[in-house]
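# Notes for the structure review
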Amino acid sequence: MAIEAFEIEALIREAFPEARITITDLAGDGNHYAAEVVDESFRGRNRVQQQRMVYAALKGRMDGPDGALHALALTTRVPD
Amino acid sequence: MTDTRTEIQELVDGNDVVLFMKGTRDVPQCGFSSRVAGVLNYMGVAFRDVNVLSSDEMRQGIKDFSDWPTVPQLYVKGEFVGGCDIVTEMTLSGELDQLFDRTGVAYDKDAANKIREANA
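These remarks concern the structure in this document. Here the structure is a predicted model, which is why all the values come from computation and not from measurement.

## Points about the nonpolar core
Formed by 32 residues in total, the largest nonpolar core has its most connected members in Val 18, Leu 19, Phe 20, Val 36, Leu 40 and Val 87 of chain B. Elements represented by at least two residues in this core include exactly helix 1 (2-14), strand 1 (17-21), helix 2 (31-42), helix 3 (56-66), strand 3 (73-76), helix 4 (84-93) and helix 5 (95-103) of chain B. With sequence-adjacent residues up to four places away left out, Val 87 of chain B is seen in contact with Val 36, Val 39, Leu 74, Val 81, Gly 82 and Leu 96 of chain B. Counting 14 residues, the second-largest nonpolar core is a separate cluster that includes Ile 8, Phe 16, Ala 19 and Tyr 33 of chain A.

The following block contains the structure:
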(Lines give C-alpha, C1' and ligand atoms only; values in the text may rest on other atoms or scores of the structure.)
Protein backbone atom coordinates (compact mmCIF):
# COMPACT_ATOMS: atom_id res chain seq x y z
CA MET A 1 0.00 0.00 0.00
CA ALA A 2 3.00 2.29 -0.14
CA ILE A 3 3.02 5.40 -2.28
CA GLU A 4 5.94 7.24 -3.86
CA ALA A 5 6.77 10.83 -2.99
CA PHE A 6 6.38 11.92 -6.62
CA GLU A 7 2.85 10.49 -6.70
CA ILE A 8 1.87 12.58 -3.68
CA GLU A 9 3.44 15.65 -5.23
CA ALA A 10 1.63 15.00 -8.54
CA LEU A 11 -1.75 14.76 -6.79
CA ILE A 12 -1.17 17.99 -4.91
CA ARG A 13 0.27 19.68 -8.00
CA GLU A 14 -2.91 18.89 -9.93
CA ALA A 15 -4.94 20.96 -7.48
CA PHE A 16 -2.28 23.61 -6.78
CA PRO A 17 -0.36 24.17 -10.03
CA GLU A 18 1.54 27.19 -8.72
CA ALA A 19 2.35 25.90 -5.26
CA ARG A 20 5.74 25.30 -3.71
CA ILE A 21 5.52 21.67 -2.61
CA THR A 22 8.08 19.84 -0.50
CA ILE A 23 7.62 16.14 0.23
CA THR A 24 9.83 14.36 2.75
CA ASP A 25 9.82 10.60 3.27
CA LEU A 26 10.13 10.55 7.04
CA ALA A 27 10.79 6.88 7.64
CA GLY A 28 12.01 5.73 4.24
CA ASP A 29 9.19 3.19 4.10
CA GLY A 30 6.84 4.89 1.63
CA ASN A 31 4.23 5.21 4.34
CA HIS A 32 5.19 8.19 6.47
CA TYR A 33 5.59 11.50 4.70
CA ALA A 34 5.72 15.15 5.51
CA ALA A 35 4.33 17.60 2.98
CA GLU A 36 4.69 21.35 3.00
CA VAL A 37 2.45 23.22 0.60
CA VAL A 38 2.90 26.95 0.12
CA ASP A 39 0.25 28.49 -2.07
CA GLU A 40 -1.43 31.82 -2.68
CA SER A 41 -4.87 30.20 -2.69
CA PHE A 42 -4.55 29.61 1.06
CA ARG A 43 -4.63 33.33 1.78
CA GLY A 44 -7.50 34.32 4.03
CA ARG A 45 -8.27 30.73 5.03
CA ASN A 46 -7.52 29.17 8.39
CA ARG A 47 -5.37 26.07 8.77
CA VAL A 48 -8.31 23.71 8.88
CA GLN A 49 -9.66 25.12 5.61
CA GLN A 50 -6.20 25.03 4.01
CA GLN A 51 -5.56 21.43 4.97
CA ARG A 52 -9.02 20.33 3.87
CA MET A 53 -8.10 21.66 0.42
CA VAL A 54 -4.94 19.52 0.37
CA TYR A 55 -6.78 16.45 1.68
CA ALA A 56 -9.34 16.94 -1.09
CA ALA A 57 -6.50 16.94 -3.63
CA LEU A 58 -5.28 13.62 -2.26
CA LYS A 59 -8.63 12.08 -3.18
CA GLY A 60 -9.07 9.51 -0.47
CA ARG A 61 -5.44 8.38 -0.27
CA MET A 62 -5.46 9.38 3.38
CA ASP A 63 -8.13 6.93 4.41
CA GLY A 64 -10.71 4.49 3.18
CA PRO A 65 -10.04 1.47 0.98
CA ASP A 66 -7.44 3.37 -1.06
CA GLY A 67 -5.75 4.67 2.05
CA ALA A 68 -2.18 4.27 0.88
CA LEU A 69 -0.95 6.99 3.16
CA HIS A 70 -0.95 6.12 6.81
CA ALA A 71 0.77 9.28 7.84
CA LEU A 72 1.17 12.61 6.14
CA ALA A 73 2.38 15.40 8.35
CA LEU A 74 0.92 18.42 6.66
CA THR A 75 2.05 22.03 6.80
CA THR A 76 0.24 24.66 4.76
CA ARG A 77 0.90 28.38 4.48
CA VAL A 78 0.72 31.35 2.18
CA PRO A 79 3.89 32.63 0.46
CA ASP A 80 5.89 35.25 2.36
CA MET B 1 -24.94 6.59 10.74
CA THR B 2 -27.47 9.12 11.99
CA ASP B 3 -27.13 7.73 15.50
CA THR B 4 -23.37 8.08 15.41
CA ARG B 5 -23.66 11.66 14.18
CA THR B 6 -26.03 12.44 17.04
CA GLU B 7 -23.69 10.77 19.51
CA ILE B 8 -20.73 12.81 18.25
CA GLN B 9 -22.73 16.03 18.33
CA GLU B 10 -23.69 15.36 21.95
CA LEU B 11 -20.07 14.65 22.89
CA VAL B 12 -18.93 17.88 21.24
CA ASP B 13 -21.74 19.93 22.78
CA GLY B 14 -21.46 18.36 26.21
CA ASN B 15 -17.72 18.74 26.80
CA ASP B 16 -15.57 21.86 26.60
CA VAL B 17 -12.61 19.92 25.21
CA VAL B 18 -13.00 16.64 23.35
CA LEU B 19 -10.23 14.62 21.75
CA PHE B 20 -11.26 11.92 19.30
CA MET B 21 -8.28 9.59 19.27
CA LYS B 22 -7.04 6.07 18.65
CA GLY B 23 -6.88 4.49 22.08
CA THR B 24 -7.38 6.37 25.31
CA ARG B 25 -5.56 9.23 27.02
CA ASP B 26 -3.78 6.70 29.24
CA VAL B 27 -3.22 4.05 26.58
CA PRO B 28 -2.97 5.78 23.21
CA GLN B 29 -2.67 3.43 20.25
CA CYS B 30 -1.13 5.75 17.69
CA GLY B 31 1.78 8.17 17.87
CA PHE B 32 -0.23 11.11 16.60
CA SER B 33 -3.04 10.56 19.08
CA SER B 34 -0.45 10.08 21.79
CA ARG B 35 1.19 13.40 20.98
CA VAL B 36 -2.00 15.46 21.23
CA ALA B 37 -3.23 13.65 24.35
CA GLY B 38 0.24 14.16 25.83
CA VAL B 39 0.12 17.91 25.22
CA LEU B 40 -3.33 18.22 26.82
CA ASN B 41 -2.32 16.05 29.76
CA TYR B 42 0.88 17.99 30.28
CA MET B 43 -0.96 21.32 30.09
CA GLY B 44 -3.41 20.05 32.67
CA VAL B 45 -6.42 20.54 30.42
CA ALA B 46 -9.57 18.70 31.45
CA PHE B 47 -10.72 16.85 28.35
CA ARG B 48 -12.98 14.04 27.28
CA ASP B 49 -11.19 11.34 25.29
CA VAL B 50 -13.18 9.33 22.79
CA ASN B 51 -11.59 6.15 21.45
CA VAL B 52 -12.58 5.94 17.79
CA LEU B 53 -11.34 2.36 17.67
CA SER B 54 -14.25 1.39 19.90
CA SER B 55 -16.45 0.90 16.83
CA ASP B 56 -16.32 1.08 13.03
CA GLU B 57 -19.22 3.53 13.16
CA MET B 58 -17.28 5.94 15.34
CA ARG B 59 -14.05 5.47 13.40
CA GLN B 60 -15.71 6.48 10.12
CA GLY B 61 -18.36 8.70 11.70
CA ILE B 62 -15.93 11.22 13.13
CA LYS B 63 -14.24 11.62 9.73
CA ASP B 64 -17.59 12.34 8.08
CA PHE B 65 -18.72 14.59 10.92
CA SER B 66 -15.65 16.82 10.72
CA ASP B 67 -14.98 16.44 7.00
CA TRP B 68 -11.44 15.52 8.05
CA PRO B 69 -9.76 12.27 6.98
CA THR B 70 -7.47 11.63 9.92
CA VAL B 71 -7.51 11.03 13.67
CA PRO B 72 -6.82 12.55 16.22
CA GLN B 73 -9.28 15.42 16.07
CA LEU B 74 -9.56 18.12 18.71
CA TYR B 75 -12.73 20.05 19.50
CA VAL B 76 -12.83 23.05 21.86
CA LYS B 77 -16.21 24.50 22.83
CA GLY B 78 -17.89 22.86 19.90
CA GLU B 79 -15.36 24.12 17.37
CA PHE B 80 -13.12 21.81 15.34
CA VAL B 81 -9.55 22.91 15.98
CA GLY B 82 -7.64 20.42 13.86
CA GLY B 83 -5.50 17.32 13.86
CA CYS B 84 -2.06 16.54 15.18
CA ASP B 85 -0.12 18.89 12.88
CA ILE B 86 -2.34 21.89 13.55
CA VAL B 87 -2.45 21.31 17.30
CA THR B 88 1.34 20.96 17.38
CA GLU B 89 1.82 24.19 15.42
CA MET B 90 -0.66 26.01 17.63
CA THR B 91 0.99 24.72 20.79
CA LEU B 92 4.41 25.96 19.71
CA SER B 93 3.14 29.31 18.41
CA GLY B 94 1.05 30.03 21.51
CA GLU B 95 -2.20 30.07 19.53
CA LEU B 96 -3.51 27.14 21.56
CA ASP B 97 -3.06 29.21 24.73
CA GLN B 98 -4.96 32.05 23.08
CA LEU B 99 -7.75 29.69 22.08
CA PHE B 100 -8.04 28.41 25.64
CA ASP B 101 -7.93 31.98 27.00
CA ARG B 102 -10.63 33.09 24.58
CA THR B 103 -12.90 30.13 25.29
CA GLY B 104 -12.33 30.07 29.05
CA VAL B 105 -10.68 26.65 29.22
CA ALA B 106 -8.34 26.24 32.19
CA TYR B 107 -4.74 25.17 31.51
CA ASP B 108 -1.29 25.42 33.01
CA LYS B 109 0.50 28.31 31.32
CA ASP B 110 3.87 27.36 32.81
CA ALA B 111 3.57 23.86 31.36
CA ALA B 112 2.74 25.31 27.95
CA ASN B 113 5.82 27.53 28.16
CA LYS B 114 7.96 24.53 29.11
CA ILE B 115 6.80 22.71 25.97
CA ARG B 116 7.81 25.72 23.90
CA GLU B 117 11.18 26.05 25.65
CA ALA B 118 11.91 22.37 25.07
CA ASN B 119 11.11 22.72 21.37
CA ALA B 120 12.72 26.09 20.75
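There is more to say after this.
## Remarks on the interface of chain B and chain A
Reports often express the size of an interface as the amount of accessible area lost when the parts come together. Facing eight residues of chain B, the contacting portion of chain A comprises ten residues. Among the secondary structure elements, those contributing two or more residues to the side of chain B that touches chain A are strand 4 (79-82) and helix 4 of chain B. Partitioned by chemical class, the residues of the side of chain B that touches chain A number three nonpolar, two polar and three charged.

## Some details on unusual backbone geometry
Residues and elements named next belong to chain B. Here the bond from Val 71 into Pro 72 is cis, since omega is 15°, no more than 30 degrees from zero. If you trace the backbone, Pro 72 turns up in the loop between helix 3 and strand 3. The phi dihedral of Asp 67 falls on the positive side, at around 50°, and the residue is not glycine. With respect to the helices and strands, the residue Asp 67 is situated in the loop between helix 3 and strand 3.

## Topic: the sheet that holds strand 2 (residues 48-51) of chain B
All names here are of chain B. Here we have four strands laid out as an open sheet, ordered 2-1-3-4, and mixed in their pairing. In this open sheet, the two edge strands, each paired with only one partner strand, are strand 2 and strand 4. Each strand axis lies, on average, 25° off the axis of its neighbour in the sheet, ignoring direction. Along the sheet face, helix 2 touches strand 1, strand 2 and strand 3 and points at about 160° away from the line of strand 1.

## With respect to the packing of helix 2 of chain B against helix 4 of chain B
All names here are of chain B. Where helix 2 meets helix 4, the closest approach of the two axes is 10 Å, and the angle between their N-to-C directions is 35°. Between helix 2 and helix 4 the crossing geometry is left-handed. Residues Phe 32, Arg 35, Val 36 and Val 39 of helix 2 touch helix 4, and the partners they reach there are Cys 84, Val 87, Thr 88 and Thr 91. Within the contact of helix 2 with helix 4, the residues separate by chemical class into five nonpolar, two polar and one charged.

Analysis parameters
- Residues numbered from 1 in each chain as written.
- Chains lettered and ligands numbered in written order.
- Predicted model: local features only at pLDDT ≥ 70, side-chain atom pairs only at ≥ 80, totals over all residues.
- Core = buried A, V, L, I, M, F, W, Y, C linked by C-beta atoms within 7 Å.
- Buried ≥ 20, exposed ≤ 12 C-beta atoms within 10 Å, placed from the backbone.
- Helix = DSSP H or I, 4+ residues; strand = E, 2+ residues; numbered from the N terminus.
- Contact = placed C-beta atoms within 7 Å.
- Nonpolar A, V, L, I, M, F, W, Y, C, P; charged D, E, K, R; others polar.
- Pairing = 2+ DSSP bridges.
- Axes fitted to C-alpha atoms, helices over the stretch in contact; angles between N-to-C directions.
- Left-handed = near helix turned anticlockwise from the far one by under 90°.

None of the figures reported here should be taken as evidence of function without further support.
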